[in-house]
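Given next are the chains, with one letter for each unit.
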Amino acid sequence: MADITLIDDDENIVASVSLALESHGHVVKAYYDGASGLDAVESQAPDLVILDVKMPRMDGMEVLRRLRQTTEIPVIMLTSKDDEIDEILGFNLGADDYIHKPFSQRLLLERVKAVLRRARPEEEDASAAPGSANSKIMKRGKLTLDSARHDSLWDGKPVRLTVTEFLLLQSLAQRPGFVKSRDNLMDAAYDDQVYVDDRTIDSHIKRMRKKFRQVDPEFDSIETLYGVGYRYRES
């Protein structure tokens, strides 16, 4: 069960999506414009936000941009099938997934389940103390990743990553020096039923580099091998 905030100005979509999610045990709070939804999320953070792109008062892209200034709550964007530019922009701003309208309730539920599974560590990991036998801590030079808590540190300083960014970085850092193709990284960050194109991975990597360079302007540990993929270089 999860607390989910749904922000969409289409009453039919709100009704059908709320019913589907609630029938699977989730608690849904719905808002019909971006400004109201943003206020609600900032007041009380949910486990997941489902966010329409085109809305009155404040569109979904602006809501996402403002959310990413303060939080890495998982966000699934809803968009019409032809809005490819919106999809690319959304991933650049830090969206975790996209669903094209019209969509089936089964698809929605599967994508919600997948994003929540990626965002929530296993219960035994979440309760593990750092340094204990059950702790999932990886250290690669200046980088420290705690998969039980989705915490990322660079030279002791926290770097706030989205769920997808964390999983991509974890995949790269597992084998420093080894090249990971975009397909390899898709497999690491997304479930089998979710397909994303190369530009999505590139957008996540670009955004992740920017975050690390805010902490360390000399950060260069994620290397691009053009036409091949990416690799992590241990500092």
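Here we summarise the structure given alongside this text. Everything numeric in this text was worked out from a predicted model, so none of it was measured.

Our next topic: helix α3 (residues 60–67). Where α3 is concerned, the buried positions are G60, M61, V63, L64 and L67. Projected down its long axis, α3 carries its buried residues within an arc of 160°, all on one side. Its side-chain oxygen 3.2 Å from the backbone nitrogen of M61, D59 forms the N-cap of α3.

What follows is about the pairing of strand β2 (residues 27–31). Relative to β2, strand β1 (residues 3–7) is paired through five bridges, and the arrangement is parallel. When the bridges of β2 are listed, I4 appears paired with V28. In the classification by handedness, the crossover that spans β1, the intervening helix α1 (residues 11–23) and the parallel β2 is right-handed.

Before going further, it helps to examine the nonpolar core. L51, M77, L169 and F212 are the most contacted members of the largest nonpolar core, which totals 44 residues. Of the residues forming this core, the biggest block, seven residues, is contributed by helix α7 (residues 163–174). Aside from chain neighbours lying at most four places away, what touches L169 is L143, L145, S152, L161, M208, F212, I222 and Y232.

Attention now goes to the side chain of D96. Note on placement: D96 falls in the loop between α4 (84–93) and β5 (97–101). By relative accessible area, which is 0% here, D96 ends up buried. Side-chain polar atoms of D96 contact the side chain of R68, separated by 3.2 Å. At 3.1 Å, the side chain of D96 forms a polar contact with the side chain of T164. Once residues lying within four places of it in the same chain are set aside, the contact partners of D96 are R68, I73, P74, V75, F91, R118, T162, V163, T164 and Y190.

Summed over all chains, the structure comprises 17 salt bridges. Measuring nitrogen to oxygen at the nearest pair gives 2.9 Å for the salt bridge that ties R111 to D97. Taken together, the residues span a long stretch of sequence, with R111 in helix α5 (residues 105–119) and D97 in strand β5 at a distance of 14 residues. We note that R111, like D97, is buried. E110 is paired through a salt bridge with K113; the nearest N and O atoms lie 3.5 Å apart. One end of the pair, E110, and the other, K113, are both in helix α5, three residues apart, so they sit about a helical turn from each other. Note on K113: relative accessible area 44%, which makes it partly exposed. Via salt bridges that share partners, R68, E72, D96, R160, E165, R207 and K211 belong to a single interconnected network.

What counts as what
Residues numbered from 1 in each chain as written. Predicted model: local features only at pLDDT ≥ 70, side-chain atom pairs only at ≥ 80, totals over all residues. Heavy atoms only, no water. Buried < 20%, exposed > 50% of the residue type's maximum accessible area, 1.4 Å probe, protein only. Helix = DSSP H or I, 4+ residues; strand = E, 2+ residues; numbered from the N terminus. Arc of directions from axis to C-beta. Polar contact = N/O pair within 3.5 Å; in protein donor to acceptor, adjacent residues only side chain to side chain. Pairing = 2+ DSSP bridges. Right-handed = clockwise from strand over helix to strand, strands pointing away. Core = buried A, V, L, I, M, F, W, Y, C linked by side-chain atoms within 4.5 Å. Contact = heavy atoms within 4.5 Å. Salt bridge = Lys/Arg side-chain N within 4 Å of Asp/Glu carboxyl O.

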